Amino acid sequence: MATKTKKTVNKWSADVTEHSNAMDLEQDIFKSDDPDKIAASLKHSAEQSDRRKSSPFQSAMSMLTFYENRAGKNLSADEKETLEKAKEKLRELFGRDDQGKK
């Protein structure tokens, strides 16, 4: 069995982010420094998707968390802060201000 190199793993996660089977993401959305724009784009993508397996909120939050986890140590403090603010905004947009409870 061949061993996976770090390059292969990175390429896999980038491919998932760019070509998610669950949602069509706006190109380079995670590079934005505007948490409102990130949240609004993810919400729109999740609501428009007919391939997702969970609710639009769960799909959008999962994609955001996936990106944040995969980028991990490569994110600057400012980028991490932007993504955390995008999570808060996403909760607001879906009426989930209290961490998921309606």
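Description of the structure in this document. (Residues numbered from 1 in each chain as written. Predicted model: local features only at pLDDT ≥ 70, side-chain atom pairs only at ≥ 80, totals over all residues. Heavy atoms only, no water.)

## Some points on the side chain of Lys 87
Here comes step 1: Along the polypeptide, Lys 87 turns up in helix α4 (residues 77-93).
Here comes step 2: Setting aside residues up to four positions removed in sequence, Lys 87 forms contacts with Met 61, Leu 64, Thr 65 and Glu 68. (Helix = DSSP H or I, 4+ residues; strand = E, 2+ residues; numbered from the N terminus. Contact = heavy atoms within 4.5 Å.)

## Some thoughts on the packing of aromatic side chains
Two aromatic rings are characterised by how far apart their centres lie and by the angle between their planes.
Here comes step 1: Enumeration according to the criterion identifies two aromatic pairs in this entry.
Here comes step 2: Aromatic pair Phe 30 and Tyr 67: ring centres 4.3 Å apart, planes at 5°, arrangement stacked. Here Phe 30, found in the loop between α1 (6-18) and α2 (35-48), pairs with Tyr 67, found in helix α3 (residues 56-71); they are 37 residues apart in sequence, far enough to count as distant.
Here comes step 3: In this structure Phe 30 comes out as buried when scored by relative accessible area, which is 10%.
Here comes step 4: Relative to Phe 94, the ring of Phe 57 lies with its centre 5.5 Å away and its plane at 70°, an arrangement referred to as edge-to-face. Separated by 37 residues along the polypeptide, Phe 57 in helix α3 and Phe 94 in the segment after α4 bring together distant segments of the chain. (Phe/Tyr/Trp six-rings, centres within 6.5 Å; stacked < 30°, edge-to-face > 60°. Buried < 20%, exposed > 50% of the residue type's maximum accessible area, 1.4 Å probe, protein only.)

## Some details on the nonpolar core
Here comes step 1: In this structure, Phe 30, Ile 38, Leu 42, Leu 64, Leu 83 and Leu 90 are the most contacted members of the largest nonpolar core, which totals 20 residues.
Here comes step 2: Put simply, the parts of the chain that give this core at least two residues each are α2, α3 and α4.
Here comes step 3: Here this core gets seven residues from one element, more than from any other, and that element is α3.
Here comes step 4: Each residue touching Leu 90, except ones within four places of it in the same chain, is listed here: Ala 39, Leu 42, Lys 43, Phe 57, Ala 60, Met 61 and Leu 64. (Core = buried A, V, L, I, M, F, W, Y, C linked by side-chain atoms within 4.5 Å.)

## Some details on the side chain of Ser 41
Here comes step 1: With respect to the helices and strands, the residue Ser 41 is situated in helix α2.
Here comes step 2: Looking at Ser 41, its side chain comes within polar contact range of the side chain of Glu 26, at 2.8 Å.
Here comes step 3: Beyond its immediate sequence surroundings of up to four residues, Ser 41 is in contact with Glu 26 and Ile 29. (Polar contact = N/O pair within 3.5 Å; in protein donor to acceptor, adjacent residues only side chain to side chain.)

## So, the packing of α3 against α4
Here comes step 1: Closest axis-to-axis distance for the α3/α4 pair is 11 Å, and the angle between their directions is 175°. When the axis of α3 is compared with that of α4, the two are roughly antiparallel. Counting all contacts with α3, which are made through Phe 57, Ala 60, Met 61, Leu 64, Thr 65, Tyr 67 and Glu 68, the residues of α4 involved are Lys 80, Leu 83, Glu 84, Ala 86, Lys 87, Leu 90 and Arg 91.
Here comes step 2: Split by residue class, the contact of α3 with α4 holds eight nonpolar, one polar and five charged. (Axes fitted to C-alpha atoms, helices over the stretch in contact; angles between N-to-C directions. Parallel < 35°, antiparallel > 145°, perpendicular 65-115°, else oblique. Nonpolar A, V, L, I, M, F, W, Y, C, P; charged D, E, K, R; others polar.)

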